[in-house]
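Descriptive structure summary
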Amino acid sequence: SASGSWAMSFRRGSDFVVVNKATVANMAMAVQAKGCKLFSVAPGAEVPYGWRRQSTGPKSLHMSFLLPNGNVAKSFEIVDVQKTYYYKFPLLNIALSCCRQKDRVIVE
């Protein structure tokens, strides 16, 4: 007979989180994971996100930085959130980073 072990874990939340630290710039973020609905992240907020179906390819995000009046200041796409990125937008006085912290991928 075959022997071995099998384990399953259940966790609340998501492995992917968007954190908006643009409180001084007072910019909201409009975020859309590939194939999912658009959601917004207010300044100072943290929102978990994910994809509806298991994807074998890169997990991409489309992001827009919104001015306080709701107009789009800058749009940007992260091709694969499982890689580390750091981008500066000097005209807006903001930066965007994407990195793994412990067991989560953080976009901030």
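Quick caveat, the model's predicted, so the values are computed rather than measured. (Residues numbered from 1 in each chain as written. Predicted model: local features only at pLDDT ≥ 70, side-chain atom pairs only at ≥ 80, totals over all residues. Heavy atoms only, no water.)

Re the overall build of the protein
- Counting its regular elements, the protein contains zero helices and nine strands.
- Walking the protein from its N terminus toward its C terminus, one meets helices and strands in the order β-β-β-β-β-β-β-β-β.
- Burial status across the protein gives 34% buried among its 108 residues.
- At a minimum sequence separation of 6, the contacts of the protein that also span at least 24 residues come to 41%.
- Element-wise, carbon and sulfur atoms account for 52% of the exposed surface of the protein, whose accessible area totals about 7500 Å². (Helix = DSSP H or I, 4+ residues; strand = E, 2+ residues; numbered from the N terminus. Buried < 20%, exposed > 50% of the residue type's maximum accessible area, 1.4 Å probe, protein only. Contact = heavy atoms within 4.5 Å. Areas by Shrake-Rupley, 256 points an atom, 1.4 Å probe, with all protein chains shown as cover.)

Some remarks on the pairing of strand β2 (residues 28-33)
- As paired strands, β2 and strand β5 (residues 61-66) are joined by six bridges and run antiparallel to one another. Counted as the bridge partner of Ala30 is Ser64 from β5.
- In the sheet, β2 pairs with strand β3 (residues 39-41) via three bridges, with the strands oriented antiparallel. Among the inter-strand pairings, Ala30 is bridged to a residue of β3, identified as Ser40.
- Taking the residues that link successive antiparallel strands as the turn, the β2-β3 hairpin has five residues, and the phi of Gly35 there is positive, at about 80°. (Pairing = 2+ DSSP bridges.)

Notes on the sheet that holds strand β4 (residues 46-49)
- Taken in spatial order, the five strands of this open sheet run β4-β1-β9-β8-β7, and their pairing is mixed. Sheet topology places β4 and β7 (85-89) at the edges, where each strand pairs with a single neighbour. With strand direction ignored, the average angle separating the axes of adjacent strands in the sheet is 15°.
- Where β7 and strand β8 (residues 94-101) come together, five bridges link them in antiparallel fashion. Within the sheet, the bridge partner assigned to Lys88 lies in β8 and is Ala95. (Axes fitted to C-alpha atoms, helices over the stretch in contact; angles between N-to-C directions.)

What about unusual backbone geometry?
- Backbone geometry places Asn26, a non-glycine residue, at a positive phi of 55°.
- Secondary-structure assignment places Asn26 in the loop between β1 (16-19) and β2.
- Backbone geometry at Asn93 places phi at a positive 60°, although glycine is not the residue there.
- Asn93 gets classed as exposed once you look at its relative accessible area, which sits at 66%.

As for the environment of Ile106
- Among the structural elements, Ile106 can be located in strand β9 (residues 104-107).
- Residue Ile106 is classed as buried on the basis of its relative accessible area, which comes to 2%.
- The spatial distance from the C-alpha of Ile106 to the C-alpha of Thr84 is 9.6 Å, given a sequence separation of 22 residues.
- Beyond its immediate sequence surroundings of up to four residues, Ile106 is in contact with Val17, Val19, Ser97, Cys98, Cys99 and Gln101.

Quick look at the confidence of the model for the protein
- This prediction gives the protein a mean pLDDT of 77; 81% of its residues lie at or above 70.
- Per-residue pLDDT, averaged within each element of the protein, yields its smallest value for β9 (74) and its largest for β3 (88). (pLDDT = per-residue confidence, 0-100.)

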